[in-house]
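The primary structure of each chain is shown beneath.
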Amino acid sequence: MKFLLIMHMNPRLWDGLTEQQRQEVMAGHGEFMEAITKSGEMVGTAALAEPAQSAVVTVRGGIPVVTDGPFLETKEFFGGYYMVEVENRERALELAALIPDAGVEGMGVEVRPVVFAQ
């Protein structure tokens, strides 16, 4: 079964961490990636730029319209993900708990089954 382990970013919370805490989170991601690659559970991962660097494309009357910035104004945004292939949901939850972001007060990791992927 494939799952996305989705990390949501809250810049206010991140900025409230000390430099040492931020470095520990980043180092923890390296350790996590190494462990799930070694176990064969890693399918892929990506970190995303902040929403201010995004654009939203809509098509109205057959004409594409591009708007700079995020679609919604929120305090949190989708910061990145790991796609894993594991035996069951319980294992996906175990892995999500190992992602350093899950240990930061006010942040968490969403675990969502993948219905289709190529």
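Residues numbered from 1 in each chain as written. Predicted model: local features only at pLDDT ≥ 70, side-chain atom pairs only at ≥ 80, totals over all residues. Heavy atoms only, no water.

## Considerations on the pairing of strand β3 (residues 55-60)
Relative to strand β4 (residues 63-68), β3 runs antiparallel, the two being bridged by six bridges. In the sheet register, Val59 faces β4, and the bridge partner there is Pro64. (Pairing = 2+ DSSP bridges. Helix = DSSP H or I, 4+ residues; strand = E, 2+ residues; numbered from the N terminus.)

## Focus on the side chain of His29
For His29, the location among the structural elements is in helix α2 (residues 19-38). Within polar-contact distance, the side chain of His29 engages the side chain of Tyr82 at 2.6 Å. With residues near it in sequence (within four places) discarded, His29 still touches Met7, Tyr82, Ile99, Pro100 and Asp101. (Polar contact = N/O pair within 3.5 Å; in protein donor to acceptor, adjacent residues only side chain to side chain. Contact = heavy atoms within 4.5 Å.)

## Brief notes about the nonpolar core
Membership of the largest hydrophobic core comes to 13 residues, with the highest contact counts inside it found for Leu5, Phe32, Tyr82, Val84, Leu95 and Ile99. Discounting residues that sit within four places of it in the chain, Leu5 has contacts with Phe32, Gly80, Tyr81, Tyr82, Val84, Ala92, Leu95, Ala96, Ile99, Val109, Glu110 and Val111. Counting residues in each nonpolar core, the second largest holds six residues, with Trp14, Val25, Val104 and Met107 among its members. (Core = buried A, V, L, I, M, F, W, Y, C linked by side-chain atoms within 4.5 Å. Buried < 20%, exposed > 50% of the residue type's maximum accessible area, 1.4 Å probe, protein only.)

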